[in-house]
Amino acid sequence: MQKPDHARDDWTIDQGWSNYTEDEHEVWNLLYKRQMDVLPGRAASEFMQGLKALDLGKGGIPEFESMSDELESLTGWRVVAVPGLVPDEVFFDHLANRRFPAGQFIRKRHQLDYLQEPDVFHDVFGHVPMLTNPVFADYMEAYGKGGLRSLNFAALKNLAALYWYTVEFGLIRTDEGLRIYGAGIVSSKTESIFALEDPSPNRIGFGLERLMQTDYRIDDFQQTYFVIDSYEQLFRATVDTDFAPLYEQMKGQFAHSPETVLSDDEVLHRGSQAYAKAGGRF
Ligand code: HBI
Ligand code: FE
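Residues numbered from 1 in each chain as written. Chains lettered and ligands numbered in written order. Predicted model: local features only at pLDDT ≥ 70, side-chain atom pairs only at ≥ 80, totals over all residues. Heavy atoms only, no water.

Quick look at the site of ligand 1 now. Surveying the vicinity of ligand 1 reveals the residues G84, L85, V86, D88, F91, Y143, A160 and Y163. Interatomic distance of 2.7 Å between a backbone N/O atom of V86 and a nitrogen atom of ligand 1. One of the side-chain nitrogen or oxygen atoms of D88 is found 2.4 Å away from an oxygen atom of ligand 1. In isolation ligand 1 offers 390 Å² of accessible surface; the protein chains occlude 87% of this area. Grouping the constituent residues of the shell around ligand 1 by class yields 6 nonpolar, 1 polar and 1 charged. (Near = heavy atom within 4 Å. Polar contact = N/O pair within 3.5 Å; in protein donor to acceptor, adjacent residues only side chain to side chain. Areas by Shrake-Rupley, 256 points an atom, 1.4 Å probe, with all protein chains shown as cover. Nonpolar A, V, L, I, M, F, W, Y, C, P; charged D, E, K, R; others polar.)

Below is the structure:
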């Protein structure tokens, strides 16, 4: 990863909101509308409330400064613009200081369904609404601080799995049934349906050590989703755990493949894995 010349030491750049074209704002609107067709009744109420509190559906790519003023008044978080993926220590340092680094660019029309790099739609639509929830906001800061502490260990893979199976692909159990809170799911139309309704993937109760040792797919639907009971459960699991002995024991390795079901898992749904067995990739 090479820092572009126009980026500051912390990798932030100006959003340059006035430079977005009409067509780029239109891509945001298109993506927003597609997600609104699938998210009511599937996304967690905290996510839907966050969208509303920040008025993310008012039309066009949000302007980070005014959005951050509103977000800061709710939970003390701000959103800063970055060119794309940033180095791990830079990423952790932003989170530890309640700044969410969001990709400045937006995907092209031919990439509506999938792109590898996090763009402004994934980062702002997917991640920022949950940062209006006080407990989830504290969890994200705790993750950043844990990340900074982990840099002395060969722990990145295990810590990245925690982020992946919660912040990106997490589900939560509610009185109305399972709901999505993970940013990677809520920003994808097809995975929003797959994660909740498809018989293929496992849906397993959250366990910190369990998911930190579980490998994952980065370019296809997940084979296992982990389900939390509350954001408090997530926050408490991270702040009450001493990660150092876990890192020593896990050694930066994954003990479980993505589709594994263990005898002591709390299995909410045992997946058929039909999708993955047929070769996957949508
Ligand atoms: N950079 N912009 C950006 N977004 C991420 O989600 C991100 C990153 N750099 C590193 C990183 N994630 C990972 O290290 C963590 O998820 C573990
Ligand atoms: Fe993300």
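Next up on the list: the pattern of salt bridges. Evaluated as defined, the whole model comprises 16 salt bridges. The partner of R78 in a salt bridge is E72, with the nearest N and O atoms 2.5 Å apart. For R98, the salt bridge identified is with D138, shortest N-O distance 3.1 Å. Taken together, the residues span a long stretch of sequence, with R98 in the loop between helix 4 (88-96) and strand 2 (99-103) and D138 in helix 6 (residues 134-150) at a distance of 40 residues. Given a relative accessible area of 16%, R98 falls into the buried group. With a relative accessible area of 31%, D138 lands in the partly exposed category. (Salt bridge = Lys/Arg side-chain N within 4 Å of Asp/Glu carboxyl O. Helix = DSSP H or I, 4+ residues; strand = E, 2+ residues; numbered from the N terminus. Buried < 20%, exposed > 50% of the residue type's maximum accessible area, 1.4 Å probe, protein only.)

Geometric values such as these leave the question of function open.
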